[in-house]
Each structure stands twice: as structure tokens, then as C-alpha cells.
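Overview (structure and organization)
What follows is each chain in one-letter form.
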Amino acid sequence: MLNSSTFTATLNGETKTYRLIGVDSNGNAEAVKAILESLTKITITHDSMIHKKNDTVELIYLWNQDDESMSNMINLQIVRQGHCDTTYLGTSYAEHPNIKYSTYFVQAAKDSKK
């Protein structure tokens with residue numbers, strides 16, 4: 001685990017560094033690590049815009065199981081549970097290339113503070 005939103009994992013025999021879209025890197029890294037380590041079957045998807053932060057970091061949405069319902073998005077669960085803030089707070093959407101689920105992240109961040 002590199003920080004709360006970036007981690008290295010080996011999938012299908014290939015080791016890559018991943019960055020969770022919408023999850024702020026300043027958060028509870030240990031709680032996020034525990035969530036990630038508890039997953040047994042995951043699905044990775046990308047937003048429609050940018051798939052890589054640079055040559056080494058792949059930007060992803062991480063889903064628990066095969067069901068891509070909002071309740072199964074790990075990125076969103078991390079924000080909703082208050083382990084991290086979302087990158088969408090306090091900035092304009094124009095600054096974020098990947099905004100497919102941004103409204104869900106903003107609502108989850110608000111709900112986590114209740």
C-alpha cells in the first residue's frame with residue numbers, strides 16, 4: 001500500500017500500480033488496506049476519459065464481485081465509511097478528467113460526515 005488511494009497488486013500474473021479514482025490519498029491507509037485485503041473477487045473498470053495517471057499508475061474503479069452496482073464500488077465505500085475524503089470536494093469538475101461517478105462521491109463524502 002503506497003497511500004490511501006494508490007496501491008500495487010498482482011492480477012493475472014502482472015504487477016501494476018493502481019490509483020482509486022475519486023479517493024483522496026490523505027486518509028486512513030490501514031483501514032483502506034484492510035478493505036482491499038478482504039476482497040476475494042474483484043472487477044476493475046475505467047472511466048471514459050483518462051485510464052492512466054502516467055506510464056506507471058492505472059486509474060481505476062474497483063468493484064466487489066462482478067456486480068457493478070454503486071453499493072459494490074470499493075472506491076465509493078471507502079469514502080462513504082469516512083476512511084478518506086473524495087477528490088471531488090472543493091475543486092471544480094473541470095479539474096478532474098474522470099467524473100463519471102463524481103456526484104456519488106460528493107454525496108458519500110457528505111453522508112460520511114453526518
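Residues numbered from 1 in each chain as written. Predicted model: local features only at pLDDT ≥ 70, side-chain atom pairs only at ≥ 80, totals over all residues. Heavy atoms only, no water.

Attention now goes to the pattern of salt bridges. In this structure the tally under the stated criterion is 2 salt bridges. One salt bridge connects Lys-16 with Glu-58, and the closest N-O pair in it is separated by 3.1 Å. With Lys-16 in strand 2 (residues 14-20) and Glu-58 in strand 5 (residues 57-64), this pair connects stretches of sequence that are 42 residues apart. By relative accessible area, Lys-16 is classed as partly exposed at 27%. (Salt bridge = Lys/Arg side-chain N within 4 Å of Asp/Glu carboxyl O. Helix = DSSP H or I, 4+ residues; strand = E, 2+ residues; numbered from the N terminus. Buried < 20%, exposed > 50% of the residue type's maximum accessible area, 1.4 Å probe, protein only.)

Take the packing of aromatic side chains next. Here the distance between the centres and the angle between the planes together describe a pair of aromatic rings. Counted according to the given criterion, the structure contains 5 aromatic pairs. Ring centres of Tyr-88 and Phe-105 lie 5.7 Å apart, and the angle between their planes is 45°; on these two criteria the pair is classed as tilted. You can see Tyr-88 sitting in the loop between strand 6 (84-86) and helix 3 (102-112) and its partner Phe-105 sitting in helix 3, a full 17 residues away along the chain. The same class applies to Tyr-88 as to Phe-105, namely buried. (Phe/Tyr/Trp six-rings, centres within 6.5 Å; stacked < 30°, edge-to-face > 60°.)

Formed by 28 residues in total, the largest nonpolar core has its most connected members in Phe-7, Tyr-61, Leu-62, Met-73, Ile-78 and Phe-105. Listing elements by their share of this core, those giving two or more residues are strand 1 (6-11), strand 2, helix 1 (29-38), strand 5, helix 2 (74-80) and helix 3. With 5 residues, the top contributor of residues to this core is strand 5. If near-sequence neighbours (up to four positions away) are discounted, Phe-7 is found in contact with Met-1, Leu-2, Lys-16, Thr-17, Tyr-18, Leu-20, Leu-36, Ile-60 and Leu-62. (Core = buried A, V, L, I, M, F, W, Y, C linked by side-chain atoms within 4.5 Å. Contact = heavy atoms within 4.5 Å.)

Mapping Ser-4 onto the fold places it in the segment before strand 1. A relative accessible area of 1% places Ser-4 in the buried class. Polar side-chain contacts of Ser-4 include one of 3.1 Å to the backbone oxygen of Gly-27. At 3.3 Å, the side chain of Ser-4 forms a polar contact with the backbone nitrogen of Ala-29. (Polar contact = N/O pair within 3.5 Å; in protein donor to acceptor, adjacent residues only side chain to side chain.)

Mean pLDDT over the protein: 86, with 88% of residues reaching 70 or higher. Least confident of the elements in the protein is strand 1, whose mean pLDDT is 89; most confident is helix 2, at 96. (pLDDT = per-residue confidence, 0-100.)

If you check which residues of helix 1 are buried, you get Ala-31, Val-32, Ile-35 and Leu-36. Projected down its long axis, helix 1 shows its buried positions confined to an angular sector of 135°, all on one face. What points out from helix 1, more than 90 degrees from its buried face, is the exposed set Glu-30, Glu-37 and Ser-38. In this fold, the buried residues of helix 1 make contact with strand 1, strand 5, helix 2 and strand 6. (Arc of directions from axis to C-beta.)

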